[in-house]
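Secondary and tertiary structure notes
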Number of protein chains: 2
Amino acid sequence: MEQNVGSRVPTIVDVDLGNRSYPIYIGSGLLDQPHLLQRHVHGKRVLVVTNTTVAPLYLDKVVSALTDGNSSVSVESVILPDGEKYKNMETLMKVFDKAIESRFDRRATFVALGGGVIGDMCGFAAAAFLRGVNFIQIPTTVMAQVDSSVGGKTGINHALGKNLIGAFYQPQCVLVDTDTLNTLPDRELASGIAEVVKYGLIRDAEFFEWQEKNMNALLARDPNALAYAIKRSCENKAEVVSLDEKESGLRATLNLGHTFGHAIEAGFGYGRWFHGEAVAAGTVMAVDMSHRLGWIDESIVKRVYNILQAANLPIAPPELMTVEMFKSYMAVDKKVADGLLRLILLKGPLGNCVFTGDYDRKALDETLHAFCKS
Amino acid sequence: MEQNVGSRVPTIVDVDLGNRSYPIYIGSGLLDQPHLLQRHVHGKRVLVVTNTTVAPLYLDKVVSALTDGNSSVSVESVILPDGEKYKNMETLMKVFDKAIESRFDRRATFVALGGGVIGDMCGFAAAAFLRGVNFIQIPTTVMAQVDSSVGGKTGINHALGKNLIGAFYQPQCVLVDTDTLNTLPDRELASGIAEVVKYGLIRDAEFFEWQEKNMNALLARDPNALAYAIKRSCENKAEVVSLDEKESGLRATLNLGHTFGHAIEAGFGYGRWFHGEAVAAGTVMAVDMSHRLGWIDESIVKRVYNILQAANLPIAPPELMTVEMFKSYMAVDKKVADGLLRLILLKGPLGNCVFTGDYDRKALDETLHAFCKS
């Protein structure tokens, strides 16, 4: 673990994407360092997109960080209702309305201040407003800090499926002030840990082992443990995204458990479970299926159950979910190609996975029936 | 003029954009040559986006062109209401609804069959659906064939301004079957000619002179004259777009008259005038202003009036437009940068223009007052 993790000097993880490369700043107290943000603001006008929960906590702080010592910049804000169920076109239009009423132009910068929902919506708004303006991510949840704010996937949900409308659109920078986690509810903290576990399972066995040893420290919000988990997660994500920005293949592996998870989110009702909760249950299902296919040892299955339980995450879908509901929502997943559903499944020793449509359909059926009452 | 223009062998204009390059096929009877379209369809599923006017005329023909001798491809269609006033988010959602209900995946191809409104909406839908699927443009109006289908500008209107939400997103190919113009109403034909005139004014004096001599042939729908005007327009557009895809500067010159024109479209009510009619009046205003600035000779002003009148296009905005309306809508134009409105103005001999925010505000005021009663 690096010495400066958790200190006021930011750890920097670079996302290497040629002329769309950008830094992720990670550390404590970073919102008190205006120069970090200001160097990435082009033009004179900023729109902060946030929600009713985060605005009272951090909006003033962010406005100060954007304007301190820099009187030529003016900041507007739009405060959206909080929650996955508002991640839709109707809410997105409020961002466009505000930007247009305020006469923002192409030199504007949009700032996403909040969790994954805010980051995805603000990013898509930035991609589409005047066909593209700059944006900056200030993620305030573990979920957003370790996963959704990095890599440029933006978008909104459709009633029939998750994240079906959106854009690949990279930010100018991601600023992770770990102090913002002090106000995060326990259930949301756990939700983010589901994605941390994912990185271990798909490509980083050593990180998974670290998590097994440090789960209590993470749940107790030990600053060093959290900062390390965020940094290591961002490094993993940055590496994958640099190799496959538009998800031709490798990047899809970041979606371990997400095809099952997205079906849960859409079927159970957006927002009833947090994204990471649905992903946790989905990960258990993907791991179960991998084992049924004979691709992993039972010991891995057990370790996955154990670590997710230790993180207070669900290890089965909600009872309401049926086999038919899973099949119906999984059919509109973005990883379907020419009608064939491709899945991320574990294969081989811990830390290895495949993205494939070449699996026995019987195993999928068995997994669905094992986890659903009907 | 090339020998094969107007014949069944397509003229091909290439849009050179590195790995996003694509051909524009121009000619008569091209929808009877299935191989032209089919070579650009990836995957097995196609969604044709069209409108209530064009569908009865050409939808069956396009479905045949997509499927003849190629039974593995299946085609769905979505038929939108016709007109600029439907170029909004509500209508766009119908395209997403259809694609998702039909369980289209990332290997889908969207086909825009219609005029500029359909092309812009289908293109934006293709850009955003699952964060991007392939699309093909089959423009059926002069406006779309000479301008809007080429270059990847896609988007929708907002109540407060034209084309404020969208994406730069290039098609796989543009197929211009000039036979589709046989069913185009005279007023729409003239509307498209406004953009043809534009290319002459901003960069191609020789083409402008050709238009002065051949306007009657164009209005009489002489196939060779139309095919030549389309080809020459596409060549001009392809050249500009290749040099400046994302509109850092040069590409903005294609918007001669459009800042005034967009204000007319939004202020007068989307669809009451065709886009080209608003652009024609806007071009007259831009030319008037250029002359007030002392940047062009009066002879050019006269020639612009003459050619637009010969094309039966408006040479002044609707009476309803006031100076204040122009100012208000022009303030949200995409060419505003840090509060400064940049305009495309003619400067020098015929065929030369500038894109600049460096002009005397008095000239703009005088032009607005000269063309508005209040």
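Keep in mind that this is a model prediction, so the values were computed, not measured.

The next point concerns the overall build of chain A. The secondary structure content of chain A amounts to 13 helices and 13 strands. In terms of overall dimensions, chain A is globule-like: its C-alpha atoms have a radius of gyration of 20 Å, near the 21 Å expected for 374 residues. If you line up chain A on its principal axes, its C-alpha atoms span 65 × 45 × 35 Å. Here chain A holds 374 residues, and the buried ones make up 64% of them. Taking all contacts inside chain A whose residues are at least 6 apart in sequence as the whole, residues at least 24 apart take part in 74%. As displayed, chain A has an accessible area near 13200 Å², and 48% of this comes from carbon and sulfur atoms. Averaging the positions of the 38 positive and the 43 negative side-chain charges in chain A gives two centres separated by 4 Å.

With that settled, consider the pattern of salt bridges. Residues and elements named next belong to chain B. Within the structure shown, the criterion is met by 54 salt bridges over all chains. With a shortest N-O distance of 3.2 Å, lysine 198 and aspartate 147 are connected by a salt bridge. Taken together, the residues span a long stretch of sequence, with lysine 198 in helix α6 (residues 186–203) and aspartate 147 in helix α5 (residues 142–148) at a distance of 51 residues. Bridged by salt links that share partners, the residues Glu84, Lys87, Asp120, Lys162 and Glu265 form one connected network.

Quick look at the packing of aromatic side chains now. Residues and elements named next belong to chain A. Considering all chains together, one arrives at 14 aromatic pairs over all chains under this definition. With a centroid separation of 6.1 Å and an interplanar angle of 15 degrees, the aromatic rings of phenylalanine 135 and tyrosine 169 are classed as stacked. Of this pair, phenylalanine 135 sits in strand β6 (residues 134–139) while tyrosine 169 sits in the loop between β8 (161–168) and β9 (173–177), and the two are 34 residues apart along the sequence. On the accessibility criterion, phenylalanine 135 (0% relative accessible area) is buried. On the accessibility criterion, tyrosine 169 (22% relative accessible area) is partly exposed. With centroids separated by 4.7 Å and ring planes inclined at 55 degrees, the aromatic side chains of tryptophan 210 and tyrosine 228 adopt a geometry described as tilted. Note that tryptophan 210 is positioned in helix α7 (residues 205–219) and tyrosine 228 in helix α8 (residues 223–243), a separation of 18 residues in sequence.

Residues and elements named next belong to chain A. Judged by pairing direction, the sheet is mixed, and its 7 strands sit side by side in the order β1-β2-β9-β6-β5-β3-β4 without closing on themselves. With partners counted over all chains shown, the strands left at the sheet margins are β1 (11–15) and β4 (74–80), one partner each. Strand-to-strand twist of the sheet, defined as the mean angle between neighbouring strand axes without regard to direction, takes the value 20 degrees. Across the face of the sheet, helix α2 (residues 55–67) comes into contact with β3 (45–51), β4, β5 (109–114) and β6 while running at roughly 165 degrees to β3. Across the sheet, α8 lies against β1, β2 (22–27) and β9, angled at about 15 degrees from β1, the strand it touches most.

Turning next to the side chain of serine 28 of chain A. Mapped onto the fold, serine 28 of chain A is located in the loop between β2 and α1 (34–38). Of note is the side chain of serine 28 of chain A, whose polar atom sits 2.8 Å from the side chain of aspartate 179 of chain A.

Glancing now at the relation of the copies chain A and chain B. For the pair chain A and chain B, the superposition axis carries a translation of 0.0 Å, the fit reaches an RMSD of 0.0 Å, and the rotation angle comes to 180 degrees. What the superposition gives is, in effect, a two-fold axis relating one chain to the other. Across chain A, the smallest distance between a C-alpha and the rotation axis is recorded for methionine 89 of chain A, namely 4.1 Å. Both copies contact each other with a shared surface, as 100% of the interface residues of chain A are interface residues in chain B too.

UniProt marks residues 192–336 of chain A with the feature "domain: 3-dehydroquinate synthase C-terminal" (unreviewed entry), using the numbering shown here. Secondary structure across residues 192–336 of chain A comprises 68% helix and 1% strand; the distance between its end C-alpha atoms is 26 Å.

Moving on: the state of the cysteines. Residues and elements named next belong to chain B. All chains considered together, the criterion is met by 0 disulfides over all chains. The thiol of cysteine 173 is unpaired, and the distance to the nearest cysteine sulfur, on cysteine 122, comes to 12 Å. Classification of cysteine 173 by relative accessible area gives buried; the value is 0%.

The subject of this paragraph is the nonpolar core. In terms of nonpolar packing, the biggest core is built from 80 residues, with Ile24, Phe260, Met289, Phe326, Leu343, Tyr359 and Leu364 of chain B touching the most fellow members. Counting the residues that make up this core, at least three belong to each of domain 1 (11–183) and domain 2 (187–371) of chain B. Discounting chain neighbours no more than four positions away, the residues touching phenylalanine 326 of chain B are Phe260, Ala263, Ile264, Met285, Pro317, Met321, Leu368 and Cys372 of chain B. Formed by 79 residues, the second largest nonpolar core is a distinct cluster that contains Ile24, Ala286, Phe326 and Ala363 of chain A.

Attention now goes to the interface of chain A and chain B. Note on interface size: it is often stated as the accessible area lost on association of the parts. Across the contact, 37 residues belong to chain A and 37 residues belong to chain B. Summed over both partners, the interface of chain A with chain B comes to about 3600 Å²; 58% of that surface belongs to carbon and sulfur atoms. Counting across the chain A and chain B interface gives 4 salt bridges. For glutamate 247 of chain B, the salt bridge is made with arginine 106 of chain A, and the minimal N-O distance between the two is 3.3 Å. Sorting the residues of the side of chain A that touches chain B by element identifies α3 (89–101), α4 (116–128), β7 (153–158), β8 and β10 (336–337) of chain A as the ones contributing at least two each.

For the rest of this paragraph, the subject is the side chain of glutamate 84 of chain A. All names here are of chain A. With respect to the helices and strands, glutamate 84 occurs in the loop between β4 and α3. Within the structure, glutamate 84 has its side chain in polar contact with the side chain of lysine 162 (distance 2.7 Å). With sequence-adjacent residues up to four places away left out, glutamate 84 is seen in contact with Val117, Asn157, Lys162, Glu265, Tyr270 and Gly271.

For the rest of this paragraph, the subject is the domain arrangement of chain A. All names here are of chain A. In terms of domains, chain A is made up of domain 1 (11–183) and domain 2 (187–371). Distance from the C-alpha centre of domain 1 to the C-alpha centre of domain 2: 26 Å. Contact between domain 1 and domain 2 buries roughly 2900 Å² in total, counting both sides, with carbon and sulfur atoms accounting for 64%. Three residues stand out in domain 1 for area buried against domain 2, namely Met143, Val146 and Lys162, and they jointly supply 21% of the buried area on that side.

Rules used throughout
Counting of residues starts from 1 at the beginning of each chain's written sequence and follows it residue by residue. The lettering of chains begins at A and the numbering of ligands begins at 1, in the order of writing. Totals for whole chains, interfaces and linings use every residue, but because this is a predicted model, local features are given only for residues with pLDDT of at least 70 and side-chain atom pairs only at 80 or more, for both listing and counting. Hydrogens and waters are ignored; side-chain quantities use all the structure's heavy atoms. Each helix corresponds to a stretch of at least 4 residues labelled H or I by DSSP, and each strand to a stretch of at least 2 residues labelled E; elements are numbered beginning at the N terminus. What the globule rule says is 2.2 Å times the number of residues to the power 0.38, and the radius of gyration is computed from C-alpha atoms. Residue exposure (1.4 Å probe, protein chains only): buried if accessible area is under 20% of the type maximum, exposed if over 50%, otherwise partly exposed. It only takes one pair of heavy atoms within 4.5 Å for two residues to be counted as in contact. Exposure was quantified through the Shrake-Rupley algorithm and a 1.4 Å probe, taking into account, for residues, occlusion by the shown protein chains and nothing else. Counted as positive: Lys and Arg. Counted as negative: Asp and Glu. His and the chain ends are not counted at all. In this description, the location of a charge corresponds to atom NZ of lysine, CZ of arginine, CG of aspartate or CD of glutamate. Salt bridges are defined by distance alone: a side-chain nitrogen of Lys or Arg within 4 Å of a carboxyl oxygen of Asp or Glu. Pairing of aromatic rings covers Phe, Tyr and Trp, the last counted by its six-membered ring, and requires centre-to-centre distances within 6.5 Å; plane angles under 30 degrees mean stacked, over 60 mean edge-to-face, and any other angle means tilted. Only strands joined by at least two bridges in the DSSP assignment are considered to pair. Think of each axis as a best-fit line through the C-alpha atoms, taken over the contacting stretch in the case of a helix, with angles from 0 to 180 degrees between the N-to-C directions. N or O atoms closer than or at 3.5 Å make up a polar contact, with two conditions inside protein: a donor-capable atom paired with an acceptor-capable one, and, for residues adjacent in sequence, both atoms drawn from side chains. Superposition of the copies was done by least squares, using only C-alpha atoms of residues whose pLDDT is at least 70 in both. UniProt positions are given in the numbering used here, feature names are shortened, and annotations may be inferred rather than shown by experiment. Counting rule for disulfides: a pair of cysteine sulfur atoms within 2.5 Å. Take the buried Ala, Val, Leu, Ile, Met, Phe, Trp, Tyr and Cys residues and link them wherever side-chain atoms come within 4.5 Å; each set so joined is a nonpolar core. Throughout, the edges of the domains are those of an automatic or database domain assignment. Simply put, the buried area is the total loss of 1.4 Å probe accessible area from both parts when two parts are fitted together.

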